[in-house]
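# Understanding the architecture of this molecule
These are the residues of each chain, in order.
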Amino acid sequence: MTTDRVTLFEVGPRDGLQNIKVFVPTKDKIALVNALSRTGLTKIEAASFVSPRWVPQMADGAEVVAGIERVPGVAIAALTPNLKGYQAAKAARVDEVAVFASASEGFSRANLNCSIAESLERFRPLMEEAHADGMPVRGYLSCVIACPYDGATAPKAVAGVAEKLLEMGCYEISLGDTIGAGNSASLSALLDAVLDRIPAKKLVGHFHDTGGTALEMIEVALERGLRVFDASAGGLGGCPYAPGARGNVDTLAALRRIEALGFSCGIDSAALEEATRIAARIGSAVD
Ligand code: HMG
Ligand code: MG
């Protein structure tokens, strides 16, 4: 990859649709993933293999993955909180999975029903099986700027958990501003601490746009060497266990800003506009 290449990791079908209050029909989820697969995006998070009691919106993950067109060059990803979720994701034939931890104890309890340390222990058997299967595992880290339960997060705490996830075998760490509380200054302070211990090529920006600051944060992260950003078509989303969190940065807006800065994402903007219309239709139908 050349240095002017940026990867947009589409998380709308998961991070977007998990937070819609009613159940989005499986066929609509499939239509959204299929449209996204035709844009030039190379990574699409299409499902979540979590407890259906915790997140009923994602209960049809296996059907979604079975129903989509598999386009060469497009990796289909899924969230997996434990070994049970990993095995379901593997049976569904996803290309990669992601574990998710929190940098704050309050959100860890609310989202995973356990402490940070316990969540890392739960990932261990998953990581071992994934390693044996040759399955890439991404690591998400939530509440890297602030937590809806504990307030501001210390940058050093983020660096510490991120390092543990990498040591366990995650190939990259997605730094989640889960409630969209960050700005250029708080992100710079965070990156000062994290880049001290982890190279930029292992880090991803995952910025929810609650405060309208996600694009400026992408710009700061680009200056600091990050080259992968999570984004959500139409800006859909949030997290059911992070009250007030809005969607991830809109993929099209991220694409336009990143390209205006001279980077290339390899995405066809007309095709992405079409996928964004589908995302918007899904969002407005259930509002
Ligand atoms: P628990 O209740 O402590 O787990 O939940 P448990 O092990 O005691 O199991 C309870 C029941 O769930 C059992 O069923 C298990 O079989 C079942 P029962 O015997 O009672 O019928 N179960 C499962 N079923 C399906 N798939 C599974 C699974 N695991 C257990 N994988 C647990 C612990 C982790 C399961 C639960 O807390 C959970 O599912 N949490 C997920 C919450 C979630 O998905 N949140 C949104 C995604 S994270 C996010 O959006 C942030 C991110 O975008 C980054 C950012 O923005 O910061 C990634
Ligand atoms: Mg998120």
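Here the residue index of a chain counts from 1 through its sequence in written order. Written order decides the labels, with chains lettered from A and ligands numbered from 1. Thresholds applied to this predicted model are a pLDDT of at least 70 for local features of residues and 80 or more for the giving and counting of side-chain atom pairs; totals over whole chains, interfaces and linings are not thresholded and use all residues. No hydrogens and no water enter the side-chain calculation; it runs on all heavy atoms of the structure.

### Some thoughts on helix α10 (residues 251–260)
Exposed residues in this analysis have more than 50% of their type's maximum accessible area, buried residues have under 20%, and partly exposed residues fall in between, with area computed by a 1.4 Å probe over protein chains only. Helical segments are the DSSP runs of H or I of at least four residues, strand segments are the runs of E of at least two, and each set is numbered from the N terminus. Regarding α10, the residues found buried are T251, L252, A254, L255 and I258. For α10, the buried positions fall inside an angular range of 160 degrees around the axis, keeping them on one side. One or two steps after α10, the chain reaches G262, where phi turns positive at roughly 95 degrees. What the arc describes is the spread of directions from the helix axis to the C-beta atoms.

### Considerations on empty space enclosed by the protein
Using a grid of 1 Å spacing that covers the protein atoms alone, one calls a set of points a cavity when a 1.4 Å probe fits there but cannot get out, and a pocket when the set is open and has protein on both sides within 12 Å along at least five of seven lines; lining residues are those with an atom within 4 Å of a point. Grid points are joined across faces, edges and corners, and a volume is the space filled by probe spheres set on the points. Across all of its chains, the model carries one cavity of 30 Å³ or more by this definition. For the largest cavity, the calculated volume is near 40 Å³. Forming the boundary of the largest cavity are P13, K29, A46, A47, S48, Q57, M58, D60, G61 and V64. Those elements that place two or more of their residues in the lining of the largest cavity are β2 (43–48) and α3 (61–67). For the lining of the largest cavity, the leading source of residues is β2, giving three residues. Residue type decides the class: Asp, Glu, Lys and Arg count as charged, Ala, Val, Leu, Ile, Met, Phe, Trp, Tyr, Cys and Pro as nonpolar, and the leftover types, Gly among them, as polar. Per-class residue counts for the lining of the largest cavity are five nonpolar, three polar and two charged.

### Side note on the environment of L32
Of note, L32 is situated in helix α2 (residues 26–37). Since its relative accessible area comes to 0%, L32 is described here as buried. Residues L32 and A46, spaced 14 residues apart in sequence, show a C-alpha to C-alpha distance of 9.3 Å. We call two residues contacting when some pair of their heavy atoms lies within 4.5 Å. Once residues within four sequence positions are removed from consideration, L32 is found in contact with P13, L17, A275, I278, A279 and I282.

Structural measurements only, silent on function.
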